[in-house]
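Letter by letter, the chains look like this.
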Amino acid sequence: MAIRKILKIGDELLYKKSHEVTAFDERLWGLLDDMAETMKDSDGAGLAAVQVGILRRAVVIDAGEGITELLNPKIIASEGTQYGAEGCLSVPGKRGDVMRPMQVTFEAQNRNGEKYTRMVTGLFARAVCHELDHLEGKLYVEIADNLQQY
Ligand code: NI
């Protein structure tokens, strides 16, 4: 495992759409392990592969209950709203308020390519939305209010 360099706002890769993951092999597992370690090292709640320079639809999230890996994730249902502070490891030192669903149900594949479905709420739901935006080349600062330096 290794800590990878996190791309920062302004890097052109962060504005590109990520491609489907098609190979569930050791190379992917190494990437996922590195992403988890990189996220932990920076105290993040989520990280998308594009943030370490890999344009693939791979995401890791740790919303306080351990690492969840999401490959080719899609939100299939959402409910309610939550409005609150969000940050991003690619936009260091900033926070802003973003409206997100309170609950989302997503479909994804695990590192072996097996499909699973999960319903999550609160911070986990916020992280899923934020990371899926990364896969579309979008940064939260484009939709945030009250952006502040901290
Ligand atoms: Ni982010």
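No experiment lies behind these values; they were computed from the predicted model shown. (Residues numbered from 1 in each chain as written. Predicted model: local features only at pLDDT ≥ 70, side-chain atom pairs only at ≥ 80, totals over all residues. Heavy atoms only, no water.)

J.: I would appreciate a short explanation of the coordination of the nickel ion in the present structure.
T.: Octahedral metals with six donors have ideal donor angles of 90 or 180 degrees. Tetrahedral metals with four donors have an ideal donor angle of 109.5 degrees. Coordination of the nickel ion by the protein comes from C88 (SG), H130 (NE2) and H134 (NE2), over a distance range of 2.0 to 2.2 Å. Sequence spacing among the residues donating to the nickel ion works out to C-x41-H-x3-H. Taken together, the positions of C88 in the loop between β4 (82-86) and β5 (94-100) and H130 in helix α2 (residues 122-135) put the pair 42 residues apart, joining distant regions of the chain. A relative accessible area of 10% means that C88 is categorised as buried. On the basis of relative accessible area, H130 is assigned to the buried category, the value being 5%. (Donors = N, O, S within 2.8 Å, 3.2 Å for Na, K, Ca; no water. Helix = DSSP H or I, 4+ residues; strand = E, 2+ residues; numbered from the N terminus. Buried < 20%, exposed > 50% of the residue type's maximum accessible area, 1.4 Å probe, protein only.)

J.: Before we go on, may I ask you to explain the pattern of salt bridges in this structure?
T.: Between side chains of opposite charge, a pair can form when the charged atoms approach closely. Enumeration according to the criterion identifies ten salt bridges in this entry. Taking the shortest distance from any N to any O, the salt bridge between R111 and E69 comes out at 2.8 Å. With R111 in the loop between β6 (103-109) and β7 (115-121) and E69 in strand β3 (residues 68-79), this residue pair connects regions lying 42 residues apart in the sequence. What makes R111 partly exposed here is its relative accessible area of 21%. Linking R100 and E86 is a salt bridge whose minimum nitrogen-to-oxygen distance equals 2.7 Å. With R100 in strand β5 and E86 in strand β4, this residue pair connects regions lying 14 residues apart in the sequence. E86 carries the same exposure label as R100, and that label is buried. Sharing partners across several salt bridges, the network here consists of K17, E20, R57 and E136. (Salt bridge = Lys/Arg side-chain N within 4 Å of Asp/Glu carboxyl O.)

J.: Would you take a moment to explain the side chain of D34 for this structure?
T.: Relative to the elements of secondary structure, D34 occurs in helix α1 (residues 26-41). Residue D34 is classed as buried on the basis of its relative accessible area of 9%. Apart from the residues lying within four places of it in its own chain, the contact partners of D34 are M1, A2 and R4. (Contact = heavy atoms within 4.5 Å.)

J.: Explain α2 to me, please; I cannot follow it from the model alone.
T.: Structurally, the α-helix is built with 3.6 residues per turn, so residues lying three or four positions apart point the same way. Helix length check: α2, at 14 residues, gives a terminal C-alpha distance of 21 Å against a target of 20 Å (1.5 Å per residue), a fit within 8%. When you tally the buried positions in α2, you get 13 out of 14 residues, the bulk of the element. Phi turns positive one or two residues past the end of α2, at G137, with a value near 85 degrees. (Expected span 1.5 Å × (residues − 1).)

J.: It is not clear to me how α1 should be interpreted in this structure. Could you clarify?
T.: The end-to-end C-alpha distance of α1, which contains 16 residues, comes to 22 Å, matching closely the 22 Å that a straight helix rising 1.5 Å per residue would cover. Among all positions in α1, only L28, L31, L32, D34, M35, A36, T38 and M39 are buried. Taken from the residues just after α1, D43 is the one with a positive phi, measuring 65 degrees.

J.: How should the nonpolar core be read in this particular structure?
T.: For soluble globular proteins, nonpolar side chains are generally found buried alongside one another. Residues I61, L70, F106, V120 and V128 are the most contacted members of the largest nonpolar core, which totals 19 residues. Elements supplying a minimum of two residues to this core: β2 (58-61), β6 and α2. Counting residues per element, this core draws most heavily on α2, which supplies seven residues. In contact with I61, not counting residues within four places along its chain, are M39, A45, G46, G66, I67, T68, L70, F124, A127, V128 and E131. Counting 14 residues, the second-largest nonpolar core is a separate cluster that includes I6, M35, L47 and L71. (Core = buried A, V, L, I, M, F, W, Y, C linked by side-chain atoms within 4.5 Å.)

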